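Survey of secondary and tertiary structure
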Amino acid sequence: MGKEKRYWLLKTEPGEWSWEDQAANGGLSKWDGVKNKQAQKNLKSMRLRDLCFFYHSGPKARRIVGVVSVVREWYLDDEDREGGGAVDVRAVGEMRKAVDLKEMKEGAAGLKGFGLLRQPRLSVVPVPEEVWKRICELGGGFEGDGGGEDEDGDGVESDEDEG
């Protein structure tokens, strides 16, 4: 029996790295440049196949726009002169409907304990499974989630769902 899948939220300024940039890059990118110690700790806690919401931050666009999967766990980034690290992520799919921060705050009853609402400046945030499911509901799921027909309701088909 493997480790349980965990869920995260990764923030990015669309002017720095957008969902469109992620898709244009073959869906694969190195998630680096995280300087905050708590955010780095969260990044280091990510495991292969963990899923992450791709969140556009900034004054004009505070919304979840897609989902990526961790394809390489934390490693030291030789290109980072400050000795930082990175994880590699691959695009899974775009949200069928972007989920705005305002919508999450208004639907906060189902988002209790969500770090994004408690620590809005943190760039890498753990997402409890029940919050993941609620946000997927708000956004109508995401491309590549099997059309929302998976049995465990996490929005992603897994090996366990097939048998």
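Owing to the predicted nature of the structure, the values given are computational and were not obtained by experimental measurement. Along each chain, numbering runs from 1 in the same order as the chain's sequence is written. This being a predicted model, a pLDDT of at least 70 is required before a residue's local features are given, and a value of 80 or more before pairs of side-chain atoms are given or counted; all residues contribute to the totals for chains, interfaces and linings. Derived side-chain values reflect all non-hydrogen atoms in the structure, with water molecules and hydrogen atoms excluded from consideration.

Time to look at unusual backbone geometry. Note: most peptide bonds trans; most residues except glycine with negative phi. In the Ramachandran plot, Arg 49 falls in the positive-phi region, its phi being about 75° despite a non-glycine side chain. Only DSSP runs of H or I covering at least 4 residues are called helices, and only runs of E covering at least 2 are called strands; the numbering of each starts at the N terminus. Residue placement: Arg 49 occurs in the loop between helix H2 (37–45) and strand E3 (51–56).

This part takes up helix H5 (residues 129–138). Since the α-helix packs 3.6 residues into each turn, any two residues three or four apart lie on the same face. Only protein chains enter the accessibility calculation, which uses a 1.4 Å probe; a residue is then buried when its area is under 20% of its type maximum, exposed when over 50%, and partly exposed in between. Among all positions of H5, only Val 131, Trp 132, Ile 135, Cys 136 and Leu 138 are buried. Viewed along the axis of H5, the buried residues span an arc of 155°, placing them on a single side of the element. For H5, the exposed residues lying more than 90 degrees away from the buried face are Glu 130 and Glu 137. Taken together, the buried residues of H5 touch strand E1 (7–12), E3, strand E4 (63–76), strand E5 (85–100) and helix H3 (101–106). This arc is built from the directions going out from the helix axis to the C-beta atoms. Contacts were defined at the residue level, with two residues in contact if any of their heavy atoms lie within 4.5 Å.

With that settled, consider the packing of aromatic side chains. Both the distance between ring centres and the angle between the ring planes are used here to describe each pair of aromatic rings. Stacked, edge-to-face and tilted labels apply to pairs of Phe, Tyr and Trp rings (six-membered ring for Trp) whose centres lie within 6.5 Å, assigned for plane angles under 30 degrees, over 60, and everything in between, in that order. Under the defined criterion, the tally for this structure stands at 4 aromatic pairs. Measuring from ring centre to ring centre gives 5.1 Å for Trp 19 and Phe 54, while their planes differ by 80°; the resulting arrangement is edge-to-face. With a gap of 35 residues between them, Trp 19 in helix H1 (residues 19–24) and Phe 54 in strand E3 connect regions that are remote in the sequence. Residue classification places Trp 19 among the buried residues on the basis of a relative accessible area of 7%. A centroid spacing of 3.8 Å and a plane angle of 20° characterise the contact between Phe 53 and Trp 132, whose relative ring orientation is stacked. Linking Phe 53 in strand E3 with Trp 132 in helix H5, this pair joins segments that are 79 residues apart in sequence. Put simply, the rings of Tyr 7, Phe 53 and Trp 132 pair up and form one aromatic cluster. The ring of Tyr 75 has Arg 72 lying over it, and the distance from NZ or CZ to the ring centre is 3.5 Å. As a reminder, the over-ring test applies to NZ of lysine and CZ of arginine, requiring each to be within 6 Å of the ring centre and within 35 degrees of the ring normal.

Interpretation note: all reported values are geometric properties and have no functional meaning in isolation.
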